Amino acid sequence: MQIKEKLEVFQKFTINVANSESDALIREYEETCERELEEFRRNRQTEMEHKFQMEETAIRRELNRKVSEEVVRQKRLLDACKRQWEEKLFEKVKILLEKYQQTEDYLNYLTAKIKMAKEVAGDEEITVYIDPADADKKGRLERESGVELTVSNMEFGGGIRAVIRSRNILIDESFVTKLEQEETFL
């Protein structure tokens, strides 16, 4: 073999070795690039999912805030309507009470309440008060109940109030008190 041939064999061998090393380096570089690309994609995906979750949380928080505001607004509106309804209802009740106080049933009611207060007192001294608006009914009520009545200085919307001083008892069957009790239940 001559030098030229040897050089050619050496050159081919060297080129083959260089090509195989080059191919190995290229494959290694490509694999590294693929790994980095895959890692980049995973990081990017994770980052996007995180951003998506943050946006979703922010949107939910904003939605909850708006829902809460609307609930509060609805409650206020409902409370206002309820108050108006209660006011109208109690005005109607007061009108009906005024009409009731002009009936015979009202006189029977007062007589029954006076007798009930007298039963509670038994033999003890009792002071029974009637509303100033019922002063004109005093004589008839005293005859029917057998109890001496006192016209109160304070208006209490009808009904009676009685005091048994020896036992420190107040019997309050006034319409004002009954209306106040009903208002507290609403």
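That block above? That's the structure.
Since the model is a prediction, treat every value here as computed from it, not as a measurement. Here the residue numbers are simple positions, counted from 1 along each chain's written sequence. Per-residue local features of the predicted model are confined to residues with pLDDT of at least 70, and side-chain atom pairs are confined, for both listing and counting, to 80 or more; whole-chain, interface and lining totals are unaffected and use all residues. Note that the side-chain values use all heavy atoms of the structure and ignore hydrogens as well as water.

Draft legend 1. Here's a closer look at helix 4 (residues 175-185). Of all the residues in helix 4, the buried ones are Phe175, Thr177 and Leu179. Note on contacts: a residue pair qualifies if any of its non-hydrogen atoms lie within 4.5 Å across the two residues. Strands are runs of DSSP state E lasting at least two residues, helices are runs of H or I lasting at least four, and both sets are numbered from the N terminus onward. Looking at the packing, one finds that the buried side of helix 4 touches helix 1 (3-100), helix 2 (104-121), strand 3 (159-164) and strand 4 (169-174). Each residue is placed in one exposure class: buried if its accessible area under a 1.4 Å probe, protein chains only, is under 20% of its type's maximum, exposed if it is over 50%, and partly exposed if it falls in between.

Draft legend 2. Looking closely at the pattern of salt bridges. Note on definitions: salt bridges are taken to be side-chain nitrogens of Lys or Arg within 4 Å of carboxyl oxygens of Asp or Glu. Applying the stated criterion to the full structure yields 14 salt bridges. A salt bridge links Lys113 to Glu173; the nearest nitrogen and oxygen atoms lie 3.4 Å apart. On the criterion of sequence distance, the pair formed by Lys113 in helix 2 and Glu173 in strand 4 is long-range, its members being 60 residues apart. A salt bridge links Asp136 to Lys137; the nearest nitrogen and oxygen atoms lie 3.8 Å apart. With a relative accessible area of 64%, Asp136 lands in the exposed category. Using a relative accessible area of 13% as the deciding quantity, one classes Lys137 as buried. Salt bridges sharing partners connect three or more residues here, namely Glu62, Arg65 and Glu69.

Draft legend 3. Molecular detail of the packing of helix 2 against helix 3 (residues 138-145). Structural elements are reduced to axes, namely lines fitted to C-alpha atoms, with helices fitted over the stretch in contact, and the angle between N-to-C directions of any two is expressed from 0 to 180 degrees. Viewed as axis vectors pointing N to C, helix 2 and helix 3 meet at an angle of 50°, and their least axial separation amounts to 10 Å. As the angle between them shows, helix 2 and helix 3 are arranged oblique. Between helix 2 and helix 3 the crossing geometry is right-handed. Contact residues: Glu104, Leu107, Leu110, Thr111, Ile114 and Lys115 in helix 2; Arg140, Leu141, Glu144 and Ser145 in helix 3. Note that the term roughly parallel is reserved for angles under 35 degrees, roughly antiparallel for angles over 145, roughly perpendicular for angles of 65 to 115, and oblique for everything else. Note on convention: the crossing is left-handed when the near helix lies turned anticlockwise from the far helix by less than a right angle, right-handed when the turn is clockwise.

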